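# Structural overview for review
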Amino acid sequence: MTHLNNLNPNGFSCETLTLRLEQRTVIENLDLVLPGHRFTVLIGPNGAGKTTLLRALAGLTRPDAGRIRLNGTDVRAMGPKVRAGQIAYLPQHGSLSWPLPVTDIVALGRLPHGERPEALPPKGEEAVRKALAAVGLAGFEERPASTLSGGERARVLLARALATEAGVLLADEPVAALDPKHQIVVLNALRVLACSGTLVVAVMHDLNLAARFADEIIFLESGRVLASGAPGDVLTPQRLAAGFGIEAAVEMIDGFVTVVPRLPLPET
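To keep things clear, this report deals only with the structure shown in the data block. (Residues numbered from 1 in each chain as written. Predicted model: local features only at pLDDT ≥ 70, side-chain atom pairs only at ≥ 80, totals over all residues. Heavy atoms only, no water.)

## So, the overall build of the protein
Here is the rule we go by: Secondary structure follows DSSP: runs of H or I at least 4 residues long count as helices, runs of E at least 2 residues long count as strands, and numbering of each begins at the N terminus. Radius of gyration means the value over C-alpha atoms here, while the globule rule gives 2.2 Å times the residue count to the 0.38 power. Accessible area is worked out with a 1.4 Å probe on protein chains only. A residue is then buried under 20% of its type maximum, exposed over 50%, and partly exposed in between. Working rule for contacts: check all heavy atoms of both residues, and any pair within 4.5 Å makes them a contact. The protein chains shown are the only cover counted for residues, whose accessible areas, like all others here, come from Shrake-Rupley with a 1.4 Å probe. Only four residue types enter the charge count: Lys and Arg as positive, Asp and Glu as negative, with His and the chain ends excluded. Where a charge lies is defined by one atom per residue type, namely NZ (Lys), CZ (Arg), CG (Asp) and CD (Glu).
The number of helices and strands found in the protein is 9 helices and 12 strands. A compact globule built from 268 residues would reach a C-alpha radius of gyration of about 18 Å, and the protein, at 19 Å, matches this within 12%. Across its three principal directions, the C-alpha atoms of the protein cover 60 × 40 × 35 Å. Expressed as a percentage of the 268 residues in the protein, the buried residues total 46%. Taking the intrachain contacts of the protein between residues at least 6 apart in sequence as the baseline, contacts between residues at least 24 apart amount to 63%. Carbon and sulfur atoms make up 51% of the accessible area of the protein, which totals about 12,800 Å². Charged side chains in the protein number 26 positive and 27 negative. The centres of these two groups are separated by 5 Å.

This is the structure in structure tokens:
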């Protein structure tokens, strides 16, 4: 795990972070560093604290103890407008039922910059165009969002987050509703974004996609970090057994770490 004294100033640091939901401790005494220029994926079983941690990073959940800093500033001390301009957040179950053209919805991502979606300046128009292209929605600009499939709507919401051009993108299961082609399109876009300097953190359940695209995987279990590092270092049969309760083979196929689940381990 990266230590706090090695913190890149352009990134998150969590210090002795504790988060409780309905009197249940979800995250406990967590120390974590998430530097920029990196695509980090959070994995772990249901209830491990992945979504809770992501919401805390976004400033949407107040820690019960400890603190979260972004570029040295306490996230909760940021005003909502400042936070919205620096952190783009894509929730797990975003809704989209408005019969607005796709481009109008994506243009809402420019609001933190003080730009009016109905009258974007050239910079805003370019951000929207690039966001739509990145998620494979070029040509969808005038289609009413209410006529789109579930996967297409999910990509519209991601494009809206991308159009913000924030220094941080937090995405909760960004490819869960997508077909295999668009899973790859979206994850490749997130990786390119991270390589350009953005801090990208995503929650994912597909271990093979995580292994293929992530620079770093953080394995959470019961609110603590079971392991963190490169995919090949984190995804071992022993850790998969300890964290998920499954027997799995881990192999290298075409240069990528590949997890092949076999059977759930018998409960003891």
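And the narrative resumes.
## Section: the nonpolar core
Quick note on the threshold: Think of a nonpolar core as a cluster: buried Ala, Val, Leu, Ile, Met, Phe, Trp, Tyr and Cys residues, connected wherever their side-chain atoms sit within 4.5 Å.
Phe 39, Val 106, Leu 190 and Leu 235 are the most contacted members of the largest nonpolar core, which has 54 residues in total. If one sorts the elements of this core by residue count, helix α5 (residues 150-163) sits on top with 7 residues. If we ignore the near neighbours within four places in the chain, the residues touching Val 106 are Val 128, Ala 131, Leu 132, Val 156, Ala 159, Arg 160 and Ala 163. Of all hydrophobic cores here, the second largest spans 28 residues; its members include Leu 17, Val 26, Ala 48 and Leu 57.

## Here's the deal with the packing of aromatic side chains
Two aromatic rings, taken as a pair, are described by how far apart their centres are and by the angle between their planes. Selection criterion: Stacked, tilted and edge-to-face are the three classes assigned to paired rings of Phe, Tyr and Trp, where Trp is represented by its six-membered ring and a pair needs centres within 6.5 Å; plane angles under 30 degrees give stacked, over 60 edge-to-face, the rest tilted. Each ring is checked for a lysine NZ or an arginine CZ that lies within 6 Å of its centre and within 35 degrees of its normal; such an atom marks a charge sitting over the ring.
Applying the stated criterion across every chain yields a total of 1 aromatic pair. Summarising the aromatic geometry, the rings of Phe 219 and Phe 244 are spaced 5.1 Å apart at their centres and angled 35° between planes, so their arrangement reads as tilted. Separated by 25 residues along the polypeptide, Phe 219 in strand β9 (residues 216-221) and Phe 244 in helix α9 (residues 237-244) bring together distant segments of the chain. Under the relative-accessibility criterion, Phe 219 is labelled buried at 0%. Owing to a relative accessible area of 26%, Phe 244 belongs among the partly exposed residues under this scheme. A cation over a ring is seen here: Arg 212 above Phe 256, with NZ or CZ 5.0 Å from the ring centre.

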